[in-house]
Amino acid sequence: MLKSFEHIGMTVSNMDRAIEFYCGLLGLKLQLRKQMPDGMQVAFLDAGGGMLEVFAPPGGAARAVDLPEGTAGVKHITFHFEKVEETFAQLEAAGVEIKERPRFAVHSEMLNRIAFVRDPDGIIVELAERSQNRLG
């Protein structure tokens, strides 16, 4: 029987930069960080309802490529914030790459306002504010 969402794994080019972005700017909490015998760094970052398992290969990694339309895969990762506008303003002031400025969500049954930024490796991160009318 399903208990909850556990984690999603992703690769980054630099663990320190990833932790600074996800923990320092977005507010996730570092739960574990270690280096494997092969030099791979691994960290678990708690997002409050699941975790990111972050891998940083010893030789770095190439910048993420957006998922082409019609291709299976993960398009973005989304984090829930109380106020999207406030979080977005803090990220913009910190020099985070902007993909899409805050706007009302198309799926108003679930979300109120959303915005999109890119992490240091170009991975698309959605900032979401839940709708008061949310289903379920």
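Above this text you will find the structure in question.
A. Structural context of the pattern of salt bridges. Applying the stated criterion to the full structure yields 9 salt bridges. Linking Glu97 and Arg118 is a salt bridge whose minimum nitrogen-to-oxygen distance equals 3.5 Å. Of this pair, Glu97 sits in strand β6 (residues 97-104) while Arg118 sits in strand β7 (residues 111-118), and the two are 21 residues apart along the sequence. For Glu100, the salt bridge identified is with Arg103, shortest N-O distance 2.1 Å. Each member of the salt-bridge network shares a partner with another, and the members are Arg63, Asp66, Glu97 and Arg118.

B. The arrangement of the nonpolar core in detail. Core analysis: the biggest nonpolar cluster contains 27 residues, and Tyr22, Leu26, Leu45, Leu52, Phe79, Val125 and Leu127 have the highest contact counts within it. Mapped by element, the contributors of at least two residues to this core are α1 (15-25), β3 (41-46), β4 (51-56), β5 (77-80), α2 (84-93), β7 and β8 (124-130). If you tally residues by element for this core, the top one is α1, at 6 residues. When near neighbours in sequence (up to four residues on either side) are disregarded, Phe79 contacts Tyr22, Leu26, Leu28, Ala47, Leu52, Val125, Glu126, Leu127 and Ala128. In this structure, Ala105, Ile114, Ile124 and Ala128 belong to the second largest nonpolar core, which totals 5 residues.

C. Quick peek at the sheet that holds β5. A sheet is described by the order of its strands in space; here 4 strands give the open sequence β5-β8-β7-β6, paired in mixed fashion. Whereas interior strands pair on both sides, the edge strands pair on one side only; in this sheet they are β5 and β6. Strand after strand, the sheet turns through a mean of 20 degrees between neighbouring axes, direction not considered. Pairing geometry for β5 and β8, over 4 bridges, is parallel. Bridging across to β8, Thr78 finds its partner in Glu126. Strands in contact with α2 are β6, β7 and β8; relative to β6, the strand with the most contacts, it is inclined by about 160 degrees.

What counts, and at which threshold
- Residues numbered from 1 in each chain as written.
- Predicted model: local features only at pLDDT ≥ 70, side-chain atom pairs only at ≥ 80, totals over all residues.
- Heavy atoms only, no water.
- Salt bridge = Lys/Arg side-chain N within 4 Å of Asp/Glu carboxyl O.
- Helix = DSSP H or I, 4+ residues; strand = E, 2+ residues; numbered from the N terminus.
- Core = buried A, V, L, I, M, F, W, Y, C linked by side-chain atoms within 4.5 Å.
- Buried < 20%, exposed > 50% of the residue type's maximum accessible area, 1.4 Å probe, protein only.
- Contact = heavy atoms within 4.5 Å.
- Pairing = 2+ DSSP bridges.
- Axes fitted to C-alpha atoms, helices over the stretch in contact; angles between N-to-C directions.

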